[in-house]
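# Coordinate inspection notes
One letter stands for each residue in the lines below.
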Amino acid sequence: MTTGLERITAKARENASLQFTSLTHHISKERIWDCLRHIPKRTAPGVDGITQEEAMKTFEVWGDEMLTTIHRKGYRPPAVRRVWIPKPGKKEKRPLGVPAVADRALQRCTAEVLSAIYEQDFLNCSFGGRPGRGQHNALATLNEIISGKKVGWVLEADLKNFFGSLDHEWMMKFVEHRIGDPRILRLIQRWLKVGVLEDGVIHTSEEGTPQGGSISVLLSNLYLHYVLDLWFEKAIKPRLKGEAYLIRYIDDFIVCFQYRRDAIRFQEALERRLCKFKLQLEPSKTRLIEFGRFASRHAKEKSKRKPETLYFLGFTHYCTRNQKGNFMVGRKTEKKRLKRSIGKVQETMRTFRHEPMKTQAAKVNQILRGHYAYYGMTGNIRCLIKVYQATDNYWRRMLSSRSQKSYVSWEKFDQLKLKFPLLRPKIFIPSDRIKSYAML
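Residues numbered from 1 in each chain as written. Predicted model: local features only at pLDDT ≥ 70, side-chain atom pairs only at ≥ 80, totals over all residues. Heavy atoms only, no water.

### As for the overall build of the chain
We apply this condition: Secondary structure counts use DSSP, requiring at least four H or I residues in a row for a helix and at least two E residues in a row for a strand, with both numbered from the N terminus. Burial classes: relative accessible area under 20% of the type maximum marks a residue as buried, over 50% as exposed, and values in between as partly exposed (1.4 Å probe, protein chains only). By the convention used here, residues are in contact when the closest approach between their heavy atoms is within 4.5 Å. Note on areas: Shrake-Rupley, 1.4 Å probe, and residue coverage restricted to the protein chains presented here. Charged residues are defined narrowly, with Lys and Arg counted positive, Asp and Glu counted negative, and His plus the chain ends left uncounted. Where a charge lies is defined by one atom per residue type, namely NZ (Lys), CZ (Arg), CG (Asp) and CD (Glu).
When helices and strands are tallied, the chain shows 17 helices and twelve strands. Considering only C-alpha atoms, the chain reaches an extent of 70 × 65 × 50 Å along its principal axes. Every one of the 440 residues in the chain was classed for burial, and the buried ones make up 49%. Considering only contacts within the chain whose residues lie at least 6 apart along the sequence, 71% involve residues at least 24 apart. Approximately 23,000 Å² of the chain is accessible, and the part contributed by carbon and sulfur atoms is 50%. The centroid of the 81 positive side-chain charges in the chain is displaced by 7 Å from the centroid of its 45 negative side-chain charges.

### Description of the nonpolar core
Operational definition: Nine residue types can take part in a nonpolar core, namely buried Ala, Val, Leu, Ile, Met, Phe, Trp, Tyr and Cys, and a core is a set of them joined through side-chain atoms within 4.5 Å.
One finds Ile32, Ile146, Cys256 and Trp395 to be the most contacted residues of the largest nonpolar core, which totals 127 residues. Examining the composition of this core, we find that twelve residues originate from one element, helix 10 (residues 214-236), more than from any other. If we skip the residues at most four places from it in the chain, Trp395 touches Met349, Met357, Gln360, Ala361, Phe413, Lys417, Phe420 and Leu422.

### A closer look at unusual backbone geometry
The backbone of Lys73 shows a phi angle near 60°, a positive value even though the residue is not glycine. Checked against the element boundaries, Lys73 lands in the loop between helix 4 (59-71) and strand 1 (80-86). Among the residues examined, Lys73 registers a relative accessible area of 35% and is labelled partly exposed. At Asn161, a residue that is not glycine, the phi angle is positive and equals roughly 45°. If you trace the backbone, Asn161 turns up in the loop between strand 4 (153-158) and helix 7 (162-165). Under the relative-accessibility criterion, Asn161 is labelled exposed at 51%.

### Focus on the sheet that holds strand 11 (residues 315-321)
Note the threshold: For two strands to count as paired, DSSP must find a minimum of two bridges between them. Only the stretch in contact is used when a helix axis is fitted, and all axes are lines through C-alpha atoms; the angle between N-to-C directions ranges over 0 to 180 degrees.
Taken together, three strands build an open sheet; the order of strands is 10-11-12 and the sheet is antiparallel. A single partner strand is all that each edge strand has here, and the edge strands are strand 10 (310-312) and strand 12 (327-333). Each adjacent strand pair in this sheet contributes to an overall mean axis angle of 35°, direction not counted. In the sheet, strand 10 pairs with strand 11 via three bridges, with the strands oriented antiparallel. Within the sheet, the bridge partner assigned to Tyr311 lies in strand 11 and is Thr316.

### Re the packing of aromatic side chains
Definition in use: Working definition: a ring pair exists when centres of Phe, Tyr or Trp rings (six-membered ring for Trp) sit within 6.5 Å. Plane angles under 30 degrees give stacked, over 60 give edge-to-face, the rest tilted.
All chains considered together, the criterion is met by 17 aromatic pairs. Ring centres of Phe257 and Phe266 lie 5.5 Å apart, and the angle between their planes is 50°; this geometry places the pair in the tilted category. By relative accessible area, Phe257 is classed as buried at 0%. Ring plane angle 50° and centroid distance 5.3 Å describe the contact between Phe315 and Tyr375, whose orientation is recorded as tilted. Highlighted residues: Phe315 in strand 11 and Tyr375 in helix 14 (residues 357-375), separated in sequence by 60 residues. The exposure class assigned to Tyr375 is buried, which follows from its relative accessible area of 6%.

### Here's the deal with the confidence of the model for the chain
Filter applied, for reference: What pLDDT conveys is the predictor's confidence in a given residue, as a value from 0 to 100.
Looking at the chain, the pLDDT average stands at 88 and 93% of residues meet or exceed 70. Ranking the elements of the chain by mean pLDDT puts strand 6 (residues 201-203) last, at 69, and strand 7 (residues 244-249) first, at 96.

### A short note on helix 11 (residues 260-276)
What counts here: Helices are assigned an expected span. That span is 1.5 Å times one less than the residue count.
With 17 residues, helix 11 ought to run about 24 Å at 1.5 Å a step, and its terminal C-alpha atoms sit 25 Å apart, in line with that. Listing the buried residues of helix 11 in full gives Asp262, Ala263, Ile264, Phe266, Gln267, Ala269, Leu270, Arg273 and Leu274. Along its buried surface, helix 11 packs onto strand 4, helix 10, strand 8 (252-257) and strand 9 (287-290). Phi for Lys278, located one or two positions after helix 11, is positive at around 65°.

Below is the structure:
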């Protein structure tokens, strides 16, 4: 039996210019409940202080009221609670918006309905915030493009304060290409304008979208779909002399070129294009480098030992060769990310240093499992071992600090690990599986 969202998907796929004027009935009580159930129980509460479990207990009360206000175009989302989290490898922090749990469930529900349409529009170069298209897919796609296509130059780009710079007027114009339901449009407008609570004061939002809600990720992808992806595919690529490829993970993107002149022309056009839509590149994170199969040869001709390295999604990518002497892209955990990962493990271990050994081992292994799952790509085993060894050493130091003798010998520690072992480093994506993750 075909569901409502499947019918929407089919219509969106058949007609790329169709505007959907009736969507609100798909935001049902059952769908909101399902989204609420999938919010983690330990998720941080919003400004109202209501937890996920409390929201589930009172759902019958607020669920009907929420739907009524949506249909009357009277729903007003609560202010977003602002928290600041450290940037990878940096002292400064970036803002994160924490919506109320009930509003978060509604955002998820609305994003599901809109995704049924927009997933038919989004291009293959777009990753992140999309079903079945994560970081590993973006990394594998980059690997296959540089290894197998005519690539000699790579533009590494980053947008300055992207989530805080989205222009609301342009955003609504982009949404209205496909959405004509006034109740959905009013919902999106109010999410864009929702206030941000910080230090007891609510600040109004005239631009940008708070980073942290499901709808923010979808809207950011939609914004860059029109500003960058479509423009690159329809207006830029046909004018270039050589091959060119875009890989975008939300606001972080890489553009590969066959010729340097094409890359320079694109960068100049890109700055003008972004300016039109109230965006700009972050100069410190944007650079054009020679990278690819011919980069090593050219580096030798220029008396350089090695070509420059490329940074993308937490990895340092470099030019190397396999055992047969053929060119390949190597990758390892980026230094700042590696340092941050080790610091995170140690910081977390300090919080449960007095808990039973079994509990400690389980919690440490949970962190290691997540790290290996993300960074466990072929060629990166040495960095995984560094994290394992640092964790191993710190655990022994921590146990020593709580010991009556203030010292746990390596022999004693090894005996403890036989009973409560730490997860050994593991490569989850070996070289023969990278191609299966790529989406070309």
